[in-house]
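# Tertiary structure, described
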Amino acid sequence: MNGAMLVAIGLSLISAVAYASAAVAQAGLASRDLGAGLPRLLRSGAWWSAVGLNVAGALLHVVALRYGPLTVVQPLGALTLVAAVPLGARAAGRRVTALEWRGTALTLLGLGALLTAASGPAPERSLSLPSALAVAATTTAVIGTLSRPGVRPGLRHATASGFASGVASALTQTATVAATDHSGPVLSPLVIVVAVLVAAFATGGLLLSQTAYRGGLGAPLAVVTLANPLAASVIGLTLLGQDLGGGAVGILPALAGAALAARGVVLLTRATPAAAPVPPPAPGPDDDEHPVAAVLALEPGTATAEPRLTRRRSRPRRLTRL
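As the structure is a prediction and not an experimental result, all values here were calculated from the model. (Residues numbered from 1 in each chain as written. Predicted model: local features only at pLDDT ≥ 70, side-chain atom pairs only at ≥ 80, totals over all residues. Heavy atoms only, no water.)

Attention now moves to the packing of helix α3 (residues 45-67) against helix α9 (residues 189-212). Between α3 and α9, whose axes approach to 12 Å, the crossing angle comes to 130°. One way to sum up the angle between α3 and α9 is to call them oblique. Like other packed secondary-structure pairs, α3 and α9 cross with a definite hand, here right-handed. Contacts between α3 and α9 pair Trp47, Val51 and Asn54 from the former with Leu206, Leu207 and Gln210 from the latter. Here the contact of α3 with α9 is composed, by residue class, of 4 nonpolar, 2 polar and no charged. (Axes fitted to C-alpha atoms, helices over the stretch in contact; angles between N-to-C directions. Helix = DSSP H or I, 4+ residues; strand = E, 2+ residues; numbered from the N terminus. Parallel < 35°, antiparallel > 145°, perpendicular 65-115°, else oblique. Left-handed = near helix turned anticlockwise from the far one by under 90°. Contact = heavy atoms within 4.5 Å. Nonpolar A, V, L, I, M, F, W, Y, C, P; charged D, E, K, R; others polar.)

Shown next as structure tokens:
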């Protein structure tokens, strides 16, 4: 493993932490019912903080793709889920459970096996303009199908978000290689078109993940984590000429690592507890509470007993003398 590969891995780790922090922030917004409606999100400072973290993670990811192949950098994105576990637990005011630690360990072992098998050379090729447009059209059709109304919209939106982010990563590597290979102008038509596609897919993936997190953080983030490298690796292996280290023999460790990582992701998904309901705020001293609402809000048995009304005996009236 050379120095460039170490730089790519280090940048990918920092990028995963940034993405994990953004996911925790987005899940917090979704739990407060701010995940529906773009105008409400645009007025939220927490939303823009999450966007800034996503942008920082994306920039680090772009630099990592320049130093390492897609088959190495993209699987490291699964560490986003590993980092999100302690961050989400801390935000919820709880400790990480034993099942979560077990899922984290399995995910790390699986990623280690994938890194060993996927130690291929740095990228040298990029997609042509027709290939990039074909990939964009295919991905758009898949995302449109997954985003249709139906059963379990959260997981389908998470899958669509992962595909959008994975394709954006593959197209980003294409634009980076095309802009830095010194074979033509930096702002060539390929670079411009691919940059627009990257911005569109990155934005779409961000909004889809925000809607997916309305059902919780664990399962949607796990699906995003699995779908993202799947889409990017398919493009890298089929269209960019990248291959697994060790040839056909390297497929077995890659499959074993993928199985371990998938098992770890499933455990992390099942181990994530539901968020505790937030108690309503106590009324302030200046709040004018309606008397009927105050009576209806009383719990049974909590009202103070009223004094019993007794019939008052009246003395017999006497006639007075005239």
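After that view of the structure, there is still more to cover.
What follows concerns the side chain of threonine 172. Turning to its location among the elements, threonine 172 is positioned in helix α8 (residues 153-180). With relative accessibility at 11%, the residue threonine 172 sits in the buried group. Only 2.6 Å separates the side chain of threonine 172 from the backbone oxygen of alanine 168, close enough to count as a polar contact. Residues contacting threonine 172, with those up to four places away along its chain left out, are Val62, Leu65 and Val198. (Buried < 20%, exposed > 50% of the residue type's maximum accessible area, 1.4 Å probe, protein only. Polar contact = N/O pair within 3.5 Å; in protein donor to acceptor, adjacent residues only side chain to side chain.)

Right, let's get into the packing of α8 against α9. At a minimum axis distance of 8 Å, the contact between α8 and α9 shows a crossing angle of 155°. Here α9 runs roughly antiparallel to α8, going by the angle between their axes. Here α8 runs over α9; the crossing is left-handed. Taken together, the residues that form the contact of α8 with α9 break down as 18 nonpolar, 8 polar and no charged.

Counting through the fold element by element, alanine 30 comes out in helix α1 (residues 3-31). Along the sequence, alanine 30 and leucine 217 sit 187 residues apart, while their C-alpha atoms lie 9.4 Å from each other.

For the chain, the average pLDDT comes to 74, and 71% of its residues sit at 70 or higher. Taken element by element, the chain is modelled with least confidence in helix α12 (residues 291-296), mean pLDDT 47, and with most confidence in helix α7 (residues 129-146), mean pLDDT 90. Low pLDDT, under 50, characterises residues 274-278; the predicted model gives this stretch 0 contacts beyond four residues in sequence or across chains. pLDDT under 50 marks residues 291-297. Its contacts with residues more than four places away, or in other chains, come to 1 contact. (pLDDT = per-residue confidence, 0-100.)

Bringing α7 into the picture now. Between its first and last C-alpha, α7 extends 26 Å over 18 residues, near the 26 Å set by a 1.5 Å rise per residue. The set of residues buried in α7 consists of Ala132, Val135, Ala136, Thr139, Ile143 and Leu146. For α7, the angular spread of buried residues about the axis comes to 100°, placing them on one side. Facing away from the buried side of α7, by more than 90 degrees, are the exposed residues Pro130, Ala137 and Thr145. (Expected span 1.5 Å × (residues − 1). Arc of directions from axis to C-beta.)

A contiguous nonpolar patch, built from Val186, Leu187, Ile192 and Val196 and spanning about 400 Å² of accessible area, is present on the exposed surface. By the element assignment, valine 186 lies in the loop between α8 and α9. (Patch = residues over 30% accessible without salt bridge, like charges linked within 9 Å, V, L, I, M, F, W, Y side chains within 5 Å. Areas by Shrake-Rupley, 256 points an atom, 1.4 Å probe, with all protein chains shown as cover. Salt bridge = Lys/Arg side-chain N within 4 Å of Asp/Glu carboxyl O.)

This part takes up the environment of alanine 92. Inspection of the secondary structure assignment puts alanine 92 in helix α5 (residues 79-92). With a relative accessible area of 54%, alanine 92 lands in the exposed category.

Moving on to the side chain of serine 161. For serine 161, the location among the structural elements is in helix α8. Serine 161 gets classed as buried once you look at its relative accessible area, which sits at 1%. Beyond its immediate chain neighbours, meaning those up to four positions away, serine 161 contacts Gly205, Leu208, Ser209 and Val224.

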